[in-house]
Amino acid sequence: GDDNSGRKVITFSCCRMPPSHQLNHTRLLEYLKYTLDQYVENDYTVVYFHYGLKSLNKPSLKWLQTAYKEFDRKYVSKIFGLLFGCSNSVLRSIIFKSLLTISLSFPRYKKNLKALYVVHPTNFIKILWNIFKPLISHKFGKKITYLNYLSDLREHLKYDQLNIPQEVIRHDENLRGKQKGKLPPVVKVPPPRPPLPTQQFGVSLQYIKDKNKGELIPPVMKETVSYLKRKGLQVEGLFRRSASVQTIKDVQKLYNQGKSVNFDDYHDIHIPAVILKTFLRELPQPLLTFDCYDHILGITNVESSLRVTRCKEIIQGLPEHNYIVLKYLICFLHMVSQESICNRMTASSLACVFGLNLIWPSKGTASLSALVPLNLFTELLIDFYTNIFNSRTVPGE
């Protein structure tokens with residue numbers, strides 16, 4: 001899923017850890033590093049669900065020592081020096097609970113980590129934090145937030161996109177029940193408000209077209225792309241950086257109220273970039289449509305020499321309006337990639353940013369294994385823009 005700033009979210013659920021004797025800990029370490037490495041080049045967020053870590057599924061001390069060495073050898077002696085004299089069981093508990101925090105504080109992982117949420121922390125975890133505080137910078141420490149209940153996540157993330165284990169949900173309900181002396185009541189969600197006539201975010205392309213005199217390119221997309229073409233093509237890390245959450249909300253509100261937005265007033269080129277990504281991500285249906293999802297996943301099964309042709313076939317099946325908007329966007333992203341010597345945003349880098357903003361499954365979130373074909377498809381669209389979009393004319397061309 002994404003947080004409220006559009007950053008990718010990685011979750012770790014302790015309750016999903018099988019008993020230690022059944023787990024291949026070498027593969028677990030490889031998976032942890034592989035997952036983090038998918039995102040560390042861009043801004044990202046981590047959510048750690050602590051519930052479910054027990055003596056039965058705690059990794060061995062030997063594995064934890066190996067894990068620390070894999071992340072950064074220079075911290076190992078300091079950590080084990082602090083824990084000298086603890087029993088083996090306590091030591092395993094302490095190290096595992098702090099492994100994620102310490103590893104994320106290493107330079108490769110901490111640079112673009114914007115937030116680490118620890119859900120259902122015990123008092124013991126908070127004590128651990130005080131133990132390890134000397135090893136972690138003050139700046140990194142400010143990124144860590146303890147959340148006692150799942151509902152607290154809603155303030156920071158797109159909660160409904162998260163794949164939260166049922167065990168964690170039941171534990172949360174029990175905690176709330178104990179707090180109030182009874183099980184929490186069913187919360188009635190009020191019906192959604194009808195969109196404003198000038199609404200831009202969270203409504204369909206057709207709605208925007210109907211409310212804007214038949215214009216095919218949504219105003220927010222036209223204005224952000226136009227601004228970035230003029231002033232952002234050579235900005236290093238364009239689309240990789242986040243922006244102030246409150247500023248993004250303020251700009252969205254202006255657009256939704258039909259008011260004009262002057263990006264020069266904000267003195268931050270990354271604001272229109274984030275607004276563009278946010279617009280795509282908040283469409284009720286992805287720009288590439290739910291119908292194309294399975295077809296796109298199959299791109300890795302196609303012979304390399306035929307993949308561009310297959311991409312072409314898939315997008316030919318898009319509704320005309322979606323095709324027009326997609327062509328407009330990919331044309332711009334192709335221009336950005338052509339300036340990669342300056343902005344460091346190759347087609348591959350842009351695909352990692354835009355892949356899940358263009359396509360996602362109709363239910364749940366895309367799995368880690370789905371990222372490879374989704375990003376590959378997006379990369380091909382950007383790299384081979386001219387070849388893929390040359391056979392279907394659109395109004396105005």
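Residues numbered from 1 in each chain as written. Predicted model: local features only at pLDDT ≥ 70, side-chain atom pairs only at ≥ 80, totals over all residues. Heavy atoms only, no water.

- The name an unreviewed UniProt entry assigns to the protein is RHG08 protein, from the organism Rynchops niger.

## Some remarks on the nonpolar core
Next, step 1: Within the largest apolar cluster, 69 residues are counted, with the highest numbers of intra-cluster contacts made by Phe239 and Ile315.
Next, step 2: A per-element tally of this core places helix 15 (residues 320-338) first, with nine residues.
Next, step 3: Membership of the second largest hydrophobic core comes to 15 residues, among which are Tyr117, Leu150, Leu153 and Leu162. (Core = buried A, V, L, I, M, F, W, Y, C linked by side-chain atoms within 4.5 Å. Buried < 20%, exposed > 50% of the residue type's maximum accessible area, 1.4 Å probe, protein only. Helix = DSSP H or I, 4+ residues; strand = E, 2+ residues; numbered from the N terminus.)

## Some words on the packing of helix 17 (residues 347-358) against helix 18 (residues 368-383)
Next, step 1: Between helix 17 and helix 18, the shortest axis-to-axis distance is 8 Å and the interhelical angle comes to 120°. Seen along the crossing, helix 17 lies across helix 18 with a hand that is right-handed. Residues Ala347, Ser348, Leu350, Ala351, Cys352, Phe354, Gly355, Leu356 and Leu358 of helix 17 pack against Leu371, Leu374, Asn375, Thr378, Glu379, Ile382 and Asp383 of helix 18.
Next, step 2: Among the residues making up the contact of helix 17 with helix 18, the classes are represented as ten nonpolar, four polar and two charged. (Axes fitted to C-alpha atoms, helices over the stretch in contact; angles between N-to-C directions. Left-handed = near helix turned anticlockwise from the far one by under 90°. Contact = heavy atoms within 4.5 Å. Nonpolar A, V, L, I, M, F, W, Y, C, P; charged D, E, K, R; others polar.)

## A look at the sheet that holds strand 4 (residues 144-147)
Next, step 1: The sheet built from four strands is open, its strands ordered 1-2-3-4 with parallel pairing. The sheet is open, and its two borders are formed by strand 1 (8-13) and strand 4, each paired with just one other strand. Between one strand and the next, the sheet's axes are offset by a mean angle of 20°, whatever the strand orientation.
Next, step 2: The pairing of strand 3 (residues 113-119) with strand 4 spans four bridges and is classified as parallel. Looking at the pairing, Val119 lines up with Leu147 of strand 4. (Pairing = 2+ DSSP bridges.)

## Remarks on the pairing of strand 1
Next, step 1: Strand 1 sits mainly inside the fold: five of its six residues count as buried.
Next, step 2: The pairing of strand 1 with strand 2 (residues 44-49) spans six bridges and is classified as parallel. Considered in strand 2, the bridge of Ile10 is made with Val46.

## Description of the side chain of His50
Next, step 1: Secondary-structure assignment places His50 in the loop between strand 2 and helix 2 (61-71).
Next, step 2: Judged by relative accessible area, which is 6%, His50 ranks as buried.
Next, step 3: Looking at His50, its side chain comes within polar contact range of the side chain of Tyr48, at 3.1 Å. (Polar contact = N/O pair within 3.5 Å; in protein donor to acceptor, adjacent residues only side chain to side chain.)

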